[in-house]
Every structure is written in structure tokens, then in C-alpha cells.
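Per-entry structural report
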Amino acid sequence: MYAQMVTSEAADDSPEARAFQARIDAGEKIEPKDWMPEAYRRTLIRQIGQHAHSEIVGQLPEGNWITRAPTLERKAILLAKVQDEAGHGLYLYCAAETLGVSRDDLTEDLLSGRMKYSSIFNYPTLTWADMGAVGWLVDGAAIMNQVPLQRTSYGPYARAMVRICKEESFHQRQGYDIMLKMCRGTPAQKRMAQDAMNRFWYPALMMFGPSDKDSVHSAQSMAWRIKINTNDELRQKFVDETVPQAEFLGLAIPDTDLRWNEERGHYDFSEPDWTEFYDVIKGNGPCNVERMTARRKAWDDGAWVREGLLAHARKKAGKVAAE
Ligand code: FAQ
């Protein structure tokens, strides 16, 4: 229901809106009880809610490999990483709740398809090398997007991002470490690493969202400092930082047009297939149905726990009121 309300960010020229914009322009943080335009609040609910859902759904492709990690140490590390993602989801749901939505409503919106989650988690993780590629490229792309969000204008979101970014850096390093091990291993392991790179490169580029000319929300979100950079700026930064890392591993980036552009001081690269991107975010990616089936089952199976906790809280509140 919240997703449907965010169709356009209506222009508001009231004195309150002008004072609000002045606070944003001065770099002040907006806190939950401060006045804010309704469209600002809804945009935040959409973005933070989607972000929270992504962290939760994002546990599934890696959770798939916990029982099959090649060593006890790798299993413990992967388990810790997946638990971190659950924690990130919870910080973000808490930040969204400060805007007056409930976690239950956000979850219902995810399960009904009214709210989105990151396209990347609709791709399968087929081999152990995919755990390396997810950590290195997916967490790497997530960090590139999230580091600037530590300076986002909404206080609770900015503060959640500080802790999340610290943990994501560890995730990125553990993914790179898996890739390094495989690339320095047997020829078969190196081939697995290259295959994972080939499958995850373009989906990782899609994580930054559509190209700037097609981004619906960027202009208003940047004016409100909900977003600090455009989608294309962050995608370029990711490519520039990732190419030398791939070279160190001895992996080829699956893009024949990738080359350093001396004049721009950046790599030129091919855009992802945007038809595939829109197809995935409409629910037609390789794993969309599987992911939502898993989330729906977890939500339904956990109903008795939520009901029990609420009954306990109500009983406790009743006792306190009676005292
Ligand atoms: N997937 O106008 P824009 C992670 C939608 S966390 C799906 O450019 P905006 C950690 C967009 O919602 C990954 N949908 O939108 C981890 C909008 O549709 P709507 C998540 C996408 O909001 C690692 C429409 O397209 N990170 O990975 C995507 O200004 C490993 C038009 O797009 C965040 O959420 C997409 N990739 O910019 C966990 C970061 N891109 O809502 C486990 C915060 C766009 O109108 C394992 N979010 N759309 O129906 C953001 O920075 C922004 O929301 C963007 C999109 C940049 C994602």
C-alpha cells in the first residue's frame, strides 16, 4: 500500500516546505519528529523498505551454500555474513518504522509484489565460486551505493548505514578472499571463478538502478539528499575500482568494449541489458518466484512466534497498567 502512494513527488511550495529544503541544503539531519513533506516521508519509506527487503531476501542465495561450504572455517564465515544481512534488514526496518509504517505492512507489501527488492537476488548461486562473486561484486556494489548514504538527510537511515557499511566491507573482503583462493587454485577452480564472474558482472551493474536518463526518482531524491549520487556516477565508480581487482585475480571482465578512456579518466564499458533488468524487477527473473515462495513460507511459519510475542507484550502491558 505504501508503494502505491509513491507515484510522483508532488511539488510543495508552502513556507514549511521551503524551510525544510533550507535545512537540507544546510546539511542538517531530519529527525523522526521534525516536520517533513509527505512525499519525502513516502520516498524514504519506499527506499528504506526496499533496502530492508533486499537485505532479508539477500540471505537466500548465500544461505543456499551454508551446508555446502568447503571447510568449517568457510562455513563459520558464511554463516556470520548471512546473519549480518539479517541484522541489516532489522536496522533498516527500524529506521522505516520511525516514519510511521509497521514492519508487518512492509512485509505484506513485499509478499504481494507491491514493494520491490534488489534485482540481484533473483539470480541463482550455482557453485561455491558464486559465494566469492557475491561477496566481492554484490557486496562491493552495495558498499559503493551505501557509503554515500551514511550522509543521507534522514538521521535514522544515515546512522543505520554507518554500521551496515562497516560490516559490508568485511563481506566484500571475504568474497575477494574466496575468489583469490580459487584463482590461485587448480585450473578447474579458476574456470569456476571466471564462470561466476561472467554470470554476476552485469547483474552487479544493474544493482545501481536504471541509467540516469531513465531514473524516475533520482532528481527529487538528490534534491532532498536522500540520494547523494546518481545511479550512473556510482556504477562508473564501481567499474573503475573493480577492474584492477579483477586484473589482480587474473579474471577477464566479460565485456569486449571495456577499456580505459584517458580523456575521461574512467573506464568505458557496455551497459547492462536493460530489457532484462526491467523484466527481473517486474518479477520475471530466474529466481523471483522461488525467492518470494521462501519468504512467504518463512512469514507464515513464523506467525505463531509473532502472535506469542504480542500476547506476552499485551499481558505485560496489562499488568503494568493494573499496578
Ligand atoms: N532492483 O528511479 P530509480 C545489498 C527500481 S543491498 C530492483 O533510479 P531510486 C546487501 C526503483 O525502486 C541492495 N529495483 O529509483 C547485500 C524504482 O522503482 P519504484 C539494495 C530497482 O530509488 C549484499 C525504479 O526501478 N540496496 O545488496 C533497482 O531513485 C549481499 C526506477 O529507479 C539498496 O536498496 C534494482 N537494482 O534508485 C545483502 C540501496 N534499481 O520504487 C545480501 C538503497 C532501481 O518506483 C547479500 N537504494 N529499481 O517502483 C537506492 O540507493 C536506490 O533505491 C536505488 C534505485 C539506487 C536502488
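The residue numbering used here restarts from 1 in each chain and proceeds along that chain's sequence as written. Two thresholds apply to this predicted model, a pLDDT of at least 70 for residue-level local features and 80 or more for giving and counting side-chain atom pairs, whereas whole-chain, interface and lining totals are computed over all residues. In computing side-chain properties, one takes all heavy atoms of the structure into account and sets aside hydrogens as well as water.

Focus on the site of the ligand
If a single non-hydrogen atom of a residue is within 4 Å of a molecule or strand, that residue counts as near it. Close contacts around the ligand come from 35 residues, with Lys116, Ser215, Val216, His217 and Lys227 the closest. In protein, a polar contact requires one atom able to donate a hydrogen and another able to accept it; more generally it is a pair of N or O atoms within 3.5 Å, and residues adjacent in sequence count only if both atoms are side-chain atoms. Between the ligand and Asn145 there is a distance of 3.0 Å, counted from an oxygen atom to a side-chain nitrogen or oxygen. Taking Met207, its main chain carries an N or O atom lying 3.4 Å from a nitrogen atom of the ligand. For every accessible area listed, the method is Shrake-Rupley and the probe measures 1.4 Å; residues are considered covered only by the protein chains on display. In the complex, the protein chains occlude 92% of the 1,100 Å² of accessible area that the ligand would expose alone. Partitioned by chemical class, the residues of the shell around the ligand number 13 nonpolar, 13 polar and 9 charged. Throughout this entry, Asp, Glu, Lys and Arg are counted as charged residues, while Ala, Val, Leu, Ile, Met, Phe, Trp, Tyr, Cys and Pro are counted as nonpolar. The remaining residues, Gly among them, count as polar.

A look at unusual backbone geometry
One non-glycine residue, Arg225, lies in positive phi territory at about 55 degrees. Tracing the backbone shows Arg225 in the loop between helix 10 (218–223) and helix 11 (231–249). Helix and strand assignments follow DSSP, with helices taken as H or I runs no shorter than four residues and strands as E runs no shorter than two, numbered in order from the N terminus.

Some points on the environment of Pro148
Looking at the secondary structure, you find Pro148 in helix 7 (residues 129–149). Buried means the residue's accessible area, taken with a 1.4 Å probe over protein chains only, is under 20% of the maximum for its type, while exposed means over 50%, and partly exposed covers the values in between. Here Pro148 falls in the buried class, since its relative accessible area comes to 9%. Separated by 47 residues in the primary sequence, Pro148 and Val101 have C-alpha atoms spaced 25 Å apart. Each residue touching Pro148, except ones within four places of it in the same chain, is listed here: Ile143, Ile228, Asn229 and Leu234. We call two residues in contact whenever any of their non-hydrogen atoms come within 4.5 Å of each other.

Notes on the packing of aromatic side chains
Stacked, tilted and edge-to-face are the three classes applied to pairs of Phe, Tyr and Trp rings, where Trp contributes its six-membered ring and a pair requires centres within 6.5 Å; stacked means planes under 30 degrees apart, edge-to-face means over 60, and tilted covers the rest. A full pass over the atoms with the stated rule returns 10 aromatic pairs. Here Phe20 and Trp35 contribute two aromatic rings whose centre-to-centre distance is 6.1 Å and whose plane-to-plane angle is 75 degrees, an arrangement assigned as edge-to-face. Within this pair, whereas Phe20 is found in helix 2 (residues 15–25), its partner Trp35 is found in the loop between helix 2 and helix 3 (38–57), the two being separated by 15 residues in sequence. Owing to a relative accessible area of 3%, Phe20 belongs among the buried residues under this scheme. Aromatic pair Phe208 and Phe238: ring centres 5.5 Å apart, planes at 50 degrees, arrangement tilted. Residue Phe208 is located in the loop between helix 9 (187–206) and helix 10, and its partner Phe238 is located in helix 11; the two are separated by 30 residues in the primary sequence. One aromatic cluster is present, built from ring pairs that chain together Phe20, Trp35, Tyr40 and Trp224. Working rule: Lys NZ or Arg CZ, within 6 Å of ring centre, within 35 degrees of ring normal, means a charge sits over the ring. Seen from the ring of Phe248, Arg184 lies directly overhead, with NZ or CZ sitting 5.3 Å from the centre. Of note, Arg306 hangs over the ring of Trp299, and the distance from its end group to the ring centre comes to 3.4 Å.

Things to note about the nonpolar core
Generally speaking, a soluble globular protein has its nonpolar side chains buried in company with each other. Trp128, Trp136, Met179, Met197, Phe238 and Leu251 are the most contacted members of the largest nonpolar core, which totals 46 residues. Of all the secondary-structure elements, those providing two or more residues to this core are helix 5 (72–97), helix 6 (103–111), helix 7, helix 8 (155–183), helix 9, helix 11 and helix 13 (288–301). A total of 9 residues in this core trace back to one element, the largest contributor, which is helix 7. Those residues in contact with Leu251 that lie beyond four places of it in its chain are Trp136, Met179, Cys183, Lys190, Ala193, Gln194, Met197 and Ala246. Here, the term nonpolar core denotes a set of buried Ala, Val, Leu, Ile, Met, Phe, Trp, Tyr and Cys residues that are joined through side-chain atoms within 4.5 Å.

Points about the pattern of salt bridges
Salt bridge, as used here: a side-chain nitrogen of Lys or Arg that lies within 4 Å of a carboxyl oxygen of Asp or Glu. In total, this model carries 21 salt bridges according to the counting rule given. A salt bridge links Arg23 to Asp34, with the nearest nitrogen and oxygen atoms 3.2 Å apart. Here the residue Arg23 occupies a position in helix 2, and Asp34 occupies one in the loop between helix 2 and helix 3, the gap between them amounting to 11 residues. Look at Arg23 and you get partly exposed, because its relative accessible area is 24%. With a shortest N-O distance of 3.6 Å, Arg103 and Glu97 are connected by a salt bridge. Take Arg103: its relative accessible area is 28%, and that puts it in the partly exposed class.

Re the side chain of Ser270
Position of Ser270 relative to the elements: it lies in the loop between strand 2 (266–268) and helix 12 (274–284). The exposure class of Ser270 is buried, given its relative accessible area of 18%. In terms of polar contacts, Ser270 uses its side chain to reach the side chain of Asp255, at 2.6 Å. Once residues lying within four places of it in the same chain are set aside, the contact partners of Ser270 are Tyr202, Leu205, Asp255 and Asp257.

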